[in-house]
Amino acid sequence: MARLRDALALPATGHGGVWVVRGEPGVGKSRIAATVLAEAEEAGMAVLAGRAVRSAAPMPMRPLGEALLGWLRTGTVPDDPRLAPYLPALGRLAPQLGTAPGDGGSSVMLVGEGLLRLATAIGGPGVLLVVEDLHWADPETLGVLEYVADNARDVPLVLVTTTRPYDAPAVSELVSALHARQAADVVALEPLGEPEVSAMLAACLDGPVPDGLADWVLRFSAGFPLLVEEVLADLRASGALVEDDDGWRVAAELSATVPPSFARSVETRLGALTPAAREVMEAAALLGTDFDWQVVGAALGLEDRTTSAAIRELRTERLVVADGDGFAIRHALTREAVLATVLPPDRRRLARALAEALEERVGDRDTGAEQALAELFEAAGDAPRAARHWLGAAHEAIARGALTSARDALERAAAQPGAGLDLDIREATVEMHALAGDIPAAVTVGEALVAELAERPGQAGHDERLGRLRLRLARALLAGGRWDEAEATLAQASGDTALVHVLAARLALGRQDADLAVERARTALETVGADRPEVACEAWEVLGSAARGRDVIEAEGAFEEGFRLADRAGLALWRCRHLAALGALDIVQRRPTDERLLAARKAALAAGAIATAARIELDLNMLRTRYFELERAMEAIDNAITMMTRLRLPDLAVAHLVRALTNGLMGKDEEMAADLAVCEEMPHEKGMIAVVVPGHVLGPVALTRGLYEEARQHWEAAVVAARDHPSFPFSTRGLWALLETVLGVSPDGGAAAREEVRTGPQATSPYNRFVLRYADAVALGRAGEREQAERLFADAEWAFPGREPWMEVHARVLVARAAAADGWGQPEQWFRAALDGLVDYGQTEAASACRVAMRDAGIAVPRRAAGSDRVPAHLQRLGVTAREYDVMELVAEGLPNKTIADRLFLSVRTVETHVARLLQRTGASDRGALGAHLAP
């Protein structure tokens, strides 16, 4: 569009030219032309617009006549002697202009020259001539336009024409020739991609687009704007897409209805085919959007040459397109339109022929062939063979972690009458539920099936099936934290040595035996090599989990290895599980990003791995509590608890601990106590209460209230408990060493605490490493080694992109207290920065304690921001502080952050933080919208 806008500016300089907008039907050519017309009219240009129409005997120069006649209804031909000789030629287009000359051979050139002279005579801002659907134009029109194109450069005329790329070879040749000699500029329109379709849907819906809708609409519309609009209108009309108070949501299963206009277009093109080509098209549609032309030919008994000739016809009619070395139906709606024309007897006959041809290609099937065979045999009415292939499709989906697809395939298999595959379907269902995290369902089905099979000894393959089934059941029991039952079941399992090793590794990990877990996981890796990527991925997950409690760098390496393997093998479930583990390590590694966690959650929900999605919500909570975004943190943990309760996951106890922390940080002590009580009543890992409650709940809560001695006592209790459970994740134990060193309660000044953290588990955790350096700096300063203390403190500093996490702010307060007492560093600067951070996070009790510490150190405490009583009541209710209000007023004046910082004597980072808080509190979309919130 930008190129065409530039073109509209040319006539004002006395120049013009020709622009050809080329694209397939529905890609937006007409909308582009309408926009150009509207903008030209707004600019005061003279606008002439006509359209060529499909006709067996087209009227010569019809679009040009329509354009000129339409303009003459309101426009007046200038009295210009240079134009007068050409008015008779223009009479061919508009009789009121004169009688056309009898020399038809020269009339095309004369009409073209007449149009150029007319544009010059009209003058003003210039002339726009639009000719739509040039692919249906008559030869005379093409001749006129070619003449105009060759001579429009120095005339104030812009000619914009639209055309399709394939419908008229003569037009394509003309456009190519004009473009080659630089007489015309070609604007090629391509279908929209996913971002553009999302943006278009958001504009049509005037709001956020429901998850998954853009991908689905793109698949059926192929990115053609016309079809995007029609598919969306159909979804709204059918009730599949509804609007309520929370916006638009998908209320029913999405299904495509072919728009009538598009169906008629496809039917017309089908009618132009030979019988052989039409049958090839119908068979291809039954195979799917992407089809194997050799399978189609074999099913129809055609020679390759005959099949090729048929596909050439289909390409000519734009029903199929080349796709690498093969072919594909143009888009999903084309396929639906073709299938709608196939009569039931023909559909059954073609489906059977295609299924048998595809089934013969045993060693040459792509992923998804099992589902294709199942659909074809189902369409052919062969239920037993359809069930067998649906079961095969389920196994394929389970192997790659597409659990939603696996569930659908198993349901389709079970729905086939007379298949006799009940035991096989139920066995696969156990594995599917176990991987998805639906432990109650997996255990219920698995235990019933094991009991049933145990009563049927002696049948062929009985022992092998029973051993395999016990492996599936053991996986479910492990996922449910039922270690003793899992161990007993695993002892009876057989048939898959590598899987036995990896499940034994998971059992050891669950029982806090990290060394055995690592040993069995590595044995599993050695056993499978590169042959079983799904087993190897699980082994890498165990290795990463085992390492996380002692060495986050080693853990990250294991999870990255598993992620790369899953990505290469196309294993959706394992890819999202490793991505989730890496996202969780982003928190431990002090990376303030939720990108990997959000991507993993989306992938987990798409794959049907609800348990994995629930655990990701736990990590999202922890990331958000790190930045004191407590409302969002509570939303995440509530989601996790809802899902975990339904699935009865063993992590439910951990989830209640996490919610206890969130409630404590929000000042809801009764709710915190209630969650802790619920956790104690639930089955939980040995040592979890002893380590996590003081170290991850009570200690941090005391910290937010400035109760540093109480926090130290809680962390000390956690450290003592962790000595008996060294593999339990405890990434904040370094803060205990800092508290011990600063508060000086132990005779050695915290030296033993620092050494225990330095040489203990998770010493490589970035948080522990950072806080330990702070503690070492404090110890050096206390010993009079001021320069070394300052150097070590500077080395420990961490440059955060954005806000500094609140626990780091408290660490700075502690260092400032020690530095002020021992006479080193810049305690006043550190106190002031920390106080700003505490106020910003709304930790008023801790901020008061910080002010007391500053007074005790003889440091002037900043006064409350002037004009605090001026904060309007409606902003006070939102929690806006006086300082935030000062920032808000200056933002509303349009001042940049640097200027605001200078005005208020703040750092730029602090201003950025205040603006972020204001956006969050008010719900404003951007800083430009903050001014609207100054008034109630």
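Above this text sits the structure in question.
Here is a short report on the structure shown in this document.

## Details of the overall build of the chain
- The number of helices and strands found in the chain is 46 helices and ten strands.
- Based on the C-alpha atoms only, the size of the chain along its principal axes is roughly 115 × 90 × 45 Å.
- Look at the contacts in the chain between residues 6 or more apart in sequence, and 64% of them connect residues 24 or more apart.
- If the 99 positive side-chain charges of the chain are averaged to one point and the 134 negative ones to another, these points end up 1 Å apart.

## Some details on helix α38 (residues 766-782)
- The end-to-end C-alpha distance of α38 is 24 Å, a good match for the 24 Å that 17 residues give at a rise of 1.5 Å each.
- Counting buried residues in α38 gives twelve out of 17 residues, a clear majority hidden from the surface.
- Buried within α38 we find Pro766, Tyr767, Asn768, Phe770, Val771, Leu772, Tyr774, Ala775, Asp776, Ala777, Val778 and Gly781.
- After α38 finishes, the residue Gly784 shows a positive phi value of roughly 90 degrees.

## Overview of the pattern of salt bridges
- For the structure on display, the rule yields 59 salt bridges.
- Its salt-bridge partner being Glu452, residue Arg426 comes within 2.9 Å of it at the nearest N-O pair. One end of the pair, Arg426, is in helix α20 (residues 422-436); the other, Glu452, is in helix α21 (residues 439-454), with 26 residues separating them in the sequence.
- The salt bridge partner of Glu556 is Arg596, with a shortest N-O separation of 3.7 Å.

## Quick look at the sheet that holds strand β5 (residues 185-188)
- Across the sheet, five strands lie side by side as β2-β3-β4-β1-β5; this open sheet has parallel pairing. Each of the sheet's edge strands pairs with one partner strand only, and the pair in question is β2 (46-51) and β5. Each strand of the sheet is rotated relative to its neighbour by a mean of 15 degrees, with strand direction disregarded.
- Both β2 and strand β3 (residues 127-132) contribute to a ladder of six bridges, which runs parallel.

## Details of the environment of Leu116
- Mapped onto the elements, Leu116 comes out in helix α5 (residues 104-122).
- Assessed through its relative accessible area of 4%, Leu116 is described here as buried.
- Remark: the alpha-carbon pair of Leu116 and Val127, spanning eleven residues in sequence, is separated by 9.7 Å.
- Contact partners of Leu116, with chain neighbours within four places excluded, come to Tyr147, Val148, Asn151, Ala152, Val155 and Leu157.

## Examining the side chain of Arg465
- Note on placement: Arg465 falls in helix α22 (residues 462-479).
- Beyond its immediate stretch of four places on either side in the chain, Arg465 contacts Leu423, Asp424, Glu427 and Leu453.

## So, the packing of aromatic side chains
- Taken as a whole and assessed by the stated rule, the structure comprises six aromatic pairs.
- For the ring pair Phe628 and Tyr841, a centre distance of 6.0 Å and an interplane angle of 70 degrees mean the geometry is edge-to-face. In this pair, Phe628 sits in the loop between α30 (610-626) and α31 (630-647) while Tyr841 sits in the loop between α41 (827-840) and α42 (844-856), placing the two residues 213 residues apart along the sequence.
- Given the relative accessible area of 10%, Phe628 is considered buried.
- Using a relative accessible area of 4% as the deciding quantity, one classes Tyr841 as buried.
- Residues Phe770 and Tyr774 carry aromatic rings whose centres are separated by 4.7 Å and whose planes lie at 55 degrees to one another, so their mutual orientation is tilted. Taken together, the residues Phe770 and Tyr774, both in helix α38 and four residues apart, mark about one turn of the helix. Like Tyr774, Phe770 is buried.

## Regarding the nonpolar core
- In terms of nonpolar packing, the biggest core is built from 192 residues, with Leu128 and Leu738 touching the most fellow members.
- Element by element, the count of residues in this core is highest for helix α40 (residues 806-822), at ten residues.
- For Leu738, the contacting residues outside a window of four places in its chain are Val771, Tyr774, Ala775, Val778, Ala811, Leu814 and Val815.
- Counting 63 residues, the second largest nonpolar core, distinct from the first, contains Ala476, Leu477, Ala558 and Ala655.

Each value, and the rule that gives it
Residues numbered from 1 in each chain as written. Predicted model: local features only at pLDDT ≥ 70, side-chain atom pairs only at ≥ 80, totals over all residues. Heavy atoms only, no water. Helix = DSSP H or I, 4+ residues; strand = E, 2+ residues; numbered from the N terminus. Contact = heavy atoms within 4.5 Å. Lys, Arg positive; Asp, Glu negative; His and termini not counted. Charge placed at Lys NZ, Arg CZ, Asp CG, Glu CD. Expected span 1.5 Å × (residues − 1). Buried < 20%, exposed > 50% of the residue type's maximum accessible area, 1.4 Å probe, protein only. Salt bridge = Lys/Arg side-chain N within 4 Å of Asp/Glu carboxyl O. Pairing = 2+ DSSP bridges. Axes fitted to C-alpha atoms, helices over the stretch in contact; angles between N-to-C directions. Phe/Tyr/Trp six-rings, centres within 6.5 Å; stacked < 30°, edge-to-face > 60°. Core = buried A, V, L, I, M, F, W, Y, C linked by side-chain atoms within 4.5 Å.

None of the figures reported here should be taken as evidence of function without further support.
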